[in-house]
Structures are given as structure tokens and as C-alpha cells.
Amino acid sequence: MTGADVPGRASPWAPLLAGLADAQTVPAFAALLAEQVMLVTDAHGVRVCLLPRPAPDAAPLTPLAECGRGLALCDAQLAQEVMGGVPRATRGMHGALRAGPLLLDVVGGRSGPLDDLQDLAPLLGLAFEGVQAREVRRGSGREQETVTRLVRRMGGSLDLAQLLSATAETAAQALGLDRAFVGLLNPDPATGSPGTRTGEVFTHGFDDDFSGGVGIGPASYERLFGRGEAIVYEHARDQGSRMAAGLAELNPETAIIAPLKVRGRPLGVLYVDSRRAVSVTEDDLWLVLSLAEQASLNIDNARLYADETRKRQSAEAMREVGNRLASSLHLGQTYEAVLERAAELFGSDACAVYELQPDGRTLTIRSAVGLSSEYVLRSRVKLGAGVVGRAVERAETVAVRDFVTEGPGGGSRYTRQLLAQGRYPFRGIVGLPLGVRGRVIGGLALYFERPLPLGAEELSLAGVFAAQSALAIENARLYEEEVRRERESAALLGMARLQDHEHEGPDLHETARLAVQAVNGERGLLWLAPDEAGDEEVGVHALTPTPEDVLALRAQLGRGPRRLTRRHTLEGSASALIVPVRSGQDTIGLLYVDHPGEESPSDRVLALSRAIADQVALSVTRSRLLRALERQEARYRQLAEGAHDLIIAADARGTVQYANPASLRLLGAIEGLNLHDLLRDPWLTDFQTAWRHCLDAPESGGRCDLRVEGLTRTLHLEVRLSSVSPGGGMLLVARDISELELLLGEINRRADEMERADERQLELRSFLSLFTQAQEEERGRISRELHDDTAQVLVAIGRRIDRLARDLNGDTRARADDIRADLNGAIEGVRRFARNLRPSVLDDLGLLPALEWLASQATTPTRLEIQGNERRLPPASELTLFRMVQEGLGNTDRHAQAHTAAIRVVFQGSEVTVTLTDDGVGFSPEQARRQAQAGHLGLTGMRERVLLAGGRLEVRSVPGEGSTLEFSLPG
Ligand SMILES: Nc1ncnc2c1ncn2[C@@H]1O[C@H](COP(=O)(O)OP(=O)(O)OP(=O)(O)O)[C@@H](O)[C@H]1O
Ligand SMILES: [Mg+2]
């Protein structure tokens, strides 16, 4: 510690100290002290006494000076206490304070300044001793004058550099020599005690760049510091001696070296020399010794003062640190404050707060000053390793004077690497545990580029500082926790409040903002999948995502909240969280939050995000349900408005809340009226009965007749009543069925008519059937008659003509032959007619030969195909089929102009199907209808026949594409 470190004073005691430095005699010193203490402390009276030595109780006190009043109050016991070792004692108005060999009686006086004075007590004591010593050793006038002049000149300054330079200058000038310096002995690095070579120098008359000093051999050391003598060097005399070697650099002709020491402890030397040979007198030596003594006192004073100041500053600083730390409630600020104050208080080149990780085994740097960011990032210290690791593990201060040479090795791999490469930048390191309530939460490290400059006292101060810092950190942490909770609950509350806008649903941007706030994020996005009625919805906070961004995020959705790494976050953030918004089993959206500057979100934040997403889901589902309900209500209303039925809604007391237009048309304006009142209207009497019935058995229906005023007819209403729960209202649906009943009557009448028509048709059918049968029988009879009778008569006539012709010749024979030929033609004609009327082949051989015969008779070349098991059918069926084919082939011959025709008979299980096809001109249904109207009933007759026989007929023909007739009969 050098004088340069002592800051300026602002103490009320400063004038006192300045004045005391001037005091040349013990009485002057005591008088000034008494007067100043009176002045500064506002005391009634002050007395300064000299304590007897060595035994305090053996001899009486010697009063040196006093001023003020009330000194009779002086308490001998207090004085005894103070003399016995208590630095300060008070009783009532009276206090006693000890300063070295002095005792101060103070009557009255403010305690604050007295406290400060007490801090200065050692200094006062020493100053007094200095004056005493000076008085004892005061020599000739020149010496006294010189020293006094010097002391005056310095005016009580405590600036060591200034003091010592002035001492050197005074010494040189007083002796009339060229150069002088005060050199302080370097502390021995091994023991910390002063060594034998001067280090820091305060010069006069040397070149500016002179920074060397002198080495002091053992003999000179003994003379200087053991015996307190000044040494005179004369080049001419001492040339070649060890001393000459020690002074080689300075190379003086004459030099005087005097010791600087205080309380037997060597401090340095005052050196004065000349490049000329000068004779040195005894007086000169006294002068140098006096100046050296004065310089020693100055150094001692300054150091003590600096010590005191530093202690006071430390205490002050600690108090301030406490206040500052307690007032910085944010963790980040607290870390900053801790680091800043640590660097300031202990003069470290760098410092860092290490945080114990949740695993309880690793420490990482949470905040640092003066360390490279690589150091901060890569330092992962194992508990128990390195300086900080050991400090945290043992929960005690670990200080290493020189880490590079004597340290415990690096705590982290990174530190070890630096050490191995010789690139580790620090030497002195202190590790301090940060502990709160018996729990260590991390460590504070102080780094010095030089060997550790802190003494035991400063280290214990550092321990106190660390404890205070830990408390502040813990407080800030608790505070932040509190703030975070508050923020979370505020955000959640805000979200709950958003639900008030039930119908529009929550404002998504605001929801996104609140979610971001709740999890302490910076940017956020809320996406909702489209509901049945709408497009997808997006709410954002501090983000403008593209549709692709949203798609990419959707691809990242899992079942629960997740952290996203840089690859999957939106641009600009290294980590983020994503959580699905789920309604039951369905994912209806997503919430994304990131914080560009922050590390990956904690489990707690993830859990919180889930709660938020659930809240969002709840309010979105709710509003969507409400919207759906509204839509549905609108739909139902629309239905009710457009319905022909009467729809009336009444509340539990029967007041009509809603009546649809159909009701209003029929019953007038009934909204707001009570149904029970309505029912008392005479025209609603019947309705009332139904109503009562319905009231007794809700959910039931009834039918009633209503006579509505103004209408001449009676209304028939079908009424259904249902109770609407919850709320107990009632819904009435009534239908006017008067029209319906009219319609029903009409339908019944028509049905009767149809029935009657059917009966008539049936009669007609049976008549037709009988008629056809009779016709067929008639045809058979005529055919048989023609065949059996007429044809036989004609054959007999023919034979007679043949016999007659045998007797004729010539012309007559020829005419007879002609007659015979005509007759043969007639016989053939009769036979063919008889066959056509009723071919015997049908009765004799059955359907298929009869069809073969028909085919052979047709003009159009016709083939016959048979499929299935040939069998005989009932005669009626065979006759029907024959007649149908006969008519069909007749049509082909007459209308079709076909090249060929075909008859296909297919025998199936219980059915026979005949298909008649030709490749002729074909015809249209229209054509057939026209022909039928013109009296051509061939096709109509066929249809009737087949129907009578219980079969069916299908006619397929297109003009130009031939015709097909297909008919089936059972059999
Ligand atoms: N195979 C066919 N090819 C072309 N046209 C036909 C054929 N069969 C019926 N037609 C048309 O259908 C009309 C109705 O036939 P339908 O047998 O009912 O009467 P018609 O043969 O003209 O007279 P009718 O049979 O009473 O002697 C015919 O006039 C003819 O124009
Ligand atoms: Mg016909």
C-alpha cells in the first residue's frame, strides 16, 4: 500500500490532524487536541492527560491540557477502565477515550464524531509519540528549523508520494547536496516482511527515469536498523568495499544513508549524495536522521491512516453494498452489483459468480466481469476441484496467492488447458462460497493478474461480502420468483377475462401477448385450426409469420408441450416452446413462444405453457360452441318461421315467448300473452281440454277441433306439447289438418272408384275369355265341318266327275277334266281354310309341329329354334301360343318386308317363352297406336290373349332395325 492510494479526506477531524502535524511541543499538541475535540464534538469540556507508564494504576495521570467546563465530573473509574485496555468508555455525560499514551476526558459531546475520533485514536497516539520523540531528540537550531519548515510546508498532508519527495528534496537542500531519495524496502515475497533492497523510490535531483535503489548488506542493515545510525559513504575512503558495490549504480562521491523505521520495523532509507566529495558533519547526520524520522512518521501515519481509511471505507462499502444489494431486486442487476462492488472493494481484475447446477456437482459461471466470453462459456467446474470448486464444497474461503505456481490446478478442463499452454491470465485467486441459510448456492471468485494482494483481514471482509451477496442474490431470486408468479397469474387472469367476449371468442393477438408475458417470452404465435364455419385463425405477438412458418410449426406439434431447437424455431430465435391447444382428444391449434436471447425454456415454463394452452382451448371451445349454438338457433328459427305448422314457445308460467308466423296468421298476435288466458277464450274451449291433457302428461299430444272467430269453418288441429328442460318452458307444435282431411276424403273416393273400375275390368276379362273360347270352339266346329263334310262332299263329286269323264271323248272330255281341276283347287282351298281356322296338327301333334307348319306356310323364309326340354302344354296355352305366332308371322309377311324371320321357343322350368324376330323395316309405338285407332287390333288382341292366359308380352321394334315380339306363358 502506498500513499498514492490514500483518497482525500472529508472528515471533520481533518483540521485537527493538520494542526497536530504542526505542533512542535507536547503542550502545544495537547492544547490543540483539547480545543479541537471540544469544537468538533460540541463537548462541555475536554481534558487531555498523559498516562503513566508502565503500570497505569501505580501513578497518577498527568494533565497536559484542558478546556471547557464540567471537568470536575471526571470519573476515575472510567479512566481506570480505559487505562486497563478498553478503548472507550462512557457513563452518563462523561466519556473517556484512549489514544496511545494519551487519555481524553470528554464531558458531554456528540457520539458520532467521538466514534470517528476513536477510529483515529491510534493515529493520534502515534502522532503524540512522534512529538514526544522529537522534543527529546531535538538538537541544534538548523535541524529543528529544517524539520519544522518541512512539516509546515507539508501542512499535515497525508499524500505519501508528496511527503517523501519533499523529504528527499529538503534533505538535499539542507545539506547542500545534489541528489536524495527516500527508498522503501521491498517486502520479501516469501515472508511478506521488508527485504534488503529498496523498491519504490521518491527522488530529488535524479533523472526522471531513475527507478533503481540500493541494496543493503547485513553489516549496514545492522547499523541502520539495529542501532539506528546513519551511515556515511565516502568514495575515496570506502572504494572497493561491499558498500561501494551496493551503490555502484548511483556511483556517488559522498553519500549519507539514514534508516526509516517505525516501532522497530524497517521501512526504508533516506539517501542523500553528491557526485562531489563533501565533508559530512555530525550536525548533518542529525539532520538526516531527523528527516528520516520525520519521513518514518509520515509513512507510518499515512499507512495507518490509509489502513484506517480503508477499514472505514470497507465498513462503509459493506454497508453500502448491503443497501445497494438489497435495493437491486432483479437478479441480473444483483449479479452486476455484486461483481461491480467486489471488483471495486477488493481491486480484483476480474470476478465471477458461479452457480451450482441442479445436479449439485457442477458449477457454471452465471455472470462475470473481466473474463473473456470463452472463459465464461467454457468454465464448467466440478465441485471440489479448483479454487471455486473447493470453496463451494467446503463452504469456506479458499485463497491462492499464486495460482500458476502453487495453485490446486484448474477446476475446469478449460482452465487446465490454459494452464498447460501457459496462457492462464490470473495468479491470485479467491474463491468464496455463496451460502444462504446453511445452503450453498454457488461461489464468488476474485481474480488478480498479480499475486494475491489481499491480507487476512481483507479476506475475512471478502467472506462477509460474499455472505451479504448471497443473501442479496437469494432475495432477488425470491423477488423474481414472486414477480414471475405475479406476472403469470396476471396473464392467466387476463386470459380468463378474455373469455368475457364469449361470442367473438378471445382476441387471439391479445391472448398471444398474454401467453408470451406469462412465460416471460418475447414473441408468440397462436394458431387455431378452422372450425366448421370458418377459416383458420392466427394471433401473433411481435411476429409476422408467413403461412409456411405456420405449416412448419404445425409439423412440430406433439401431444404435449415441447422445446424447439434452433432448427425448428422461427427465424431469429435459438430456442422456443410449442404446445398443442387441445380440446378433449382433438388438437385444435398450437401456441408458440420464443425468447431470442434466452436459453431453452425450463420444465416449469413448459408446464405453465400447457396450462395456458388449456385455458385457450377452454375459451375457444366455449366460444365456438356458443357460435354453433347461435347458428343452430338461427336455423331453427328459420325453420320455425317458414313452417306451416304452428310453433309456440312459452316459459314455465305459460307466457308466450315466441309464436311463428303460421301461429300469428291463425291466432293473431299472441306473443306476451299467457296461454292459460288464451285458453279461457270461448273459441279455445276444445283446445283447453287438449292443453290440460298435455299439461297432465307433458310430451303427449292430442287432437282437438278449434273454432276460430272470423272463420266459418271448423279447424282441425293436431297438437303436440313438450316440456323444454332445463327451465321448464313449453313448446307447442300444432298442425292444421283440416285441408289434410279434405284431401284424405278425396283420396278415399278415388280409391273406391278405382276398385269399381278394377271389378269391371275383371268382368270384362272373363267375358273376353269366354268370348275367345267360344270363338275358338266355333272356329273348330267350322273347321271340322269344312274338313269332314264339305270337303268330303266335294271329293265324292270329284269321283263322280272322274267316272263321267271316262265315258267322254274329245272336247267334252277336256271340259270335264277342267271342271275336275277346278274342283281339286276348291277342295284344296276348303282344306286350307279349315286348317287355318283350326289346324288339326295342333290338336293331333301339339304346338311345335303346328309352329313348323306355320313357318312353312309363311311367305318370309322363317326358321324355328327350340331350346330347353320340349314338352306338351295345356291345350289352352298351346292354342294361345299358336294364335300369337300366327298373328306375328302374319304381320311379318304383311308389313316387315323382311328377308328372314325366326321363331325361338324356350322351355324353362315353369314357363315357356317364344321370341319372334324379323330383319324387316320395324315400326314405332306411335305407328302401332295409330293403326290400333284405325281398327287394326292385331297387336292389341295379342296382348289381351296373353294377359288372359296369365302371361306377358313385350314388343321391341325400332324403325329400320327389325322387330322382336317376346311372350311368355306359364306351363
Ligand atoms: N313385323 C312387323 N313389321 C313391320 N311393321 C309391323 C309389324 N308388325 C306390326 N307392324 C305394324 O303395326 C301395325 C299394327 O299391327 P296389327 O297387327 O295390330 O294391325 P294390322 O296387321 O295392320 O291389321 P290386323 O292385324 O288387324 O289385320 C301394322 O299396321 C304395321 O304397320
Ligand atoms: Mg296384324
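An unreviewed UniProt entry annotates the chain as histidine kinase originating from Deinococcus aquiradiocola.

**Student:** Any chance you could explain the site of ligand 1 here in plain terms?
**Tutor:** Near ligand 1 you find 15 residues, and of these Glu887, Asn891, His895, Gly938 and Leu939 are the closest. Arg894 is positioned such that a nitrogen or oxygen atom in its side chain is 3.1 Å from an oxygen atom of ligand 1. One of the backbone N or O atoms of Leu939 is found 2.9 Å from an oxygen atom in ligand 1. When ligand 1 sits alone it has 590 Å² of accessible area, and the protein chains cover 86% of it. Secondary structure elements with two or more residues in the shell around ligand 1: α27 (875-896), α28 (925-933) and α29 (938-948). With 6 residues, α27 is the largest single contributor of residues to the shell around ligand 1. Partitioning the shell around ligand 1 into residue classes produces 4 nonpolar, 8 polar and 3 charged.

**Student:** I would appreciate a short explanation of the side chain of Ser663 in the present structure.
**Tutor:** When you line up the elements, Ser663 lands in helix α20 (residues 661-667). Looking at Ser663, its side chain comes within polar contact range of the main-chain nitrogen of Ile647, at 3.2 Å. Residues contacting Ser663, with those up to four places away along its chain left out, are Leu646, Ile647, Ile648 and Gly668.

**Student:** Just checking my understanding: could you explain the nonpolar core for this structure?
**Tutor:** In terms of nonpolar packing, the biggest core is built from 35 residues, with Phe29, Leu33, Val37, Leu104, Leu117 and Leu124 touching the most fellow members. Of all elements in the fold, only α1 (14-22), α2 (26-41), β1 (43-50), β4 (94-99), β5 (102-108), α4 (111-137) and α10 (282-327) reach the threshold of two or more residues within this core. In terms of residue count, α4 provides more of this core than any other element does, 10 residues in total. Looking at this core, you find at least three residues from each of domain 1 (3-138) and domain 2 (141-308). Sequence-distant contacts of Leu117, defined by excluding residues within four places in its chain, comprise Trp13, Leu16, Val37, Leu97, Leu104 and Leu124. Counting residues in hydrophobic clusters, the runner-up holds 31 residues, among them Ala171, Leu177, Leu184 and Ile256.

**Student:** What should I look at first to understand the coordination of the magnesium ion (ligand 2) in this one?
**Tutor:** Put simply, the ideal angle at a metal is 109.5 degrees for four donors in tetrahedral geometry and 90 or 180 degrees for six donors in octahedral geometry. Ligation of the magnesium ion (ligand 2) by protein atoms is provided by Glu887 (OE) and Asn891 (OD1), these donors lying 2.1 to 2.2 Å from the ion. Here the residue Glu887 and the residue Asn891 both occupy positions in helix α27, the gap between them amounting to 4 residues, near one helical turn. Residue classification places Glu887 among the partly exposed residues on the basis of a relative accessible area of 25%.

**Student:** Whenever I open this one, the pattern of salt bridges confuses me. Can you help?
**Tutor:** Opposite charge on two side chains allows them to pair when their charged atoms are near. Using the criterion set out here, one finds 47 salt bridges in the structure. Here Arg813 makes a salt bridge to Asp817, at a shortest N to O gap of 3.8 Å. On the criterion of helical spacing, the pair formed by Arg813 and Asp817 is a turn pair, its members being 4 residues apart in helix α24 (residues 810-837). The exposure class of Arg813 is partly exposed, given its relative accessible area of 33%. Residues joined in a network through salt bridges with shared partners are Glu776, Arg779, Arg838, Asp843, Arg883 and Arg945.

**Student:** Sorry, what's going on with the sheet that holds strand β20 (residues 576-583) here?
**Tutor:** As a general point, the strands of a sheet are linked pairwise by backbone hydrogen bonds and lie either parallel or antiparallel. Across the sheet, which stays open at both edges, the 5 strands sit in the order β18-β17-β21-β20-β19 with antiparallel pairing between neighbours. The open sheet has two edge strands, β18 (537-541) and β19 (562-564), and neither has a second partner. Recorded for the sheet is a direction-independent mean angle of 20° between the axes of neighbouring strands. Here 5 bridges tie strand β17 (residues 523-528) to β18, and the two strands are oriented antiparallel to one another. Within β18, the position partnered with Gly524 by the bridge is His541. Across the sheet, helix α18 (residues 547-555) touches β17, β19, β20 and β21 (586-594), and the angle it forms with β17 is around 80°. Along the sheet face, helix α19 (residues 603-642) touches β17, β18, β19, β20 and β21 and points at about 35° away from the line of β20.

**Student:** What am I meant to see in the confidence of the model for the chain here?
**Tutor:** Caution is warranted with low-pLDDT regions, since their predicted coordinates should not be read in detail. In the predicted model, the chain carries a mean pLDDT of 82, and 87% of its residues have values of at least 70. For residues 680-684, every residue scores under 50 in pLDDT, and the model assigns this stretch 8 contacts once sequence neighbours within four places are set aside. Contacts from residues 700-712, a stretch scored under 50 in pLDDT, to residues over four places away or in other chains number 38 contacts.

**Student:** How should I be thinking about the sheet that holds strand β3 (residues 88-91) in this particular structure?
**Tutor:** Strand order in this open sheet of 5 strands is β2-β1-β5-β4-β3, and the pairing throughout is antiparallel. With one partner strand each, in any of the chains shown, β2 (62-68) and β3 form the two edges of the open sheet. Here the strands of the sheet are splayed against their neighbours by 15° on average, with no regard to which way each runs. Judged from the 7 bridges that link them, β1 and β5 form a sheet pairing that is antiparallel. Residue pairing for β5: Cys49 is matched across the bridge by Leu103. Seen against the sheet, helix α3 (residues 76-83) touches β3, β4 and β5 and runs at an angle of roughly 160° to β3.

Thresholds applied
- Residues numbered from 1 in each chain as written.
- Chains lettered and ligands numbered in written order.
- Predicted model: local features only at pLDDT ≥ 70, side-chain atom pairs only at ≥ 80, totals over all residues.
- Heavy atoms only, no water.
- Near = heavy atom within 4 Å.
- Polar contact = N/O pair within 3.5 Å; in protein donor to acceptor, adjacent residues only side chain to side chain.
- Areas by Shrake-Rupley, 256 points an atom, 1.4 Å probe, with all protein chains shown as cover.
- Helix = DSSP H or I, 4+ residues; strand = E, 2+ residues; numbered from the N terminus.
- Nonpolar A, V, L, I, M, F, W, Y, C, P; charged D, E, K, R; others polar.
- Contact = heavy atoms within 4.5 Å.
- Core = buried A, V, L, I, M, F, W, Y, C linked by side-chain atoms within 4.5 Å.
- Buried < 20%, exposed > 50% of the residue type's maximum accessible area, 1.4 Å probe, protein only.
- Domains from an automatic or database assignment.
- Donors = N, O, S within 2.8 Å, 3.2 Å for Na, K, Ca; no water.
- Salt bridge = Lys/Arg side-chain N within 4 Å of Asp/Glu carboxyl O.
- Pairing = 2+ DSSP bridges.
- Axes fitted to C-alpha atoms, helices over the stretch in contact; angles between N-to-C directions.
- pLDDT = per-residue confidence, 0-100.

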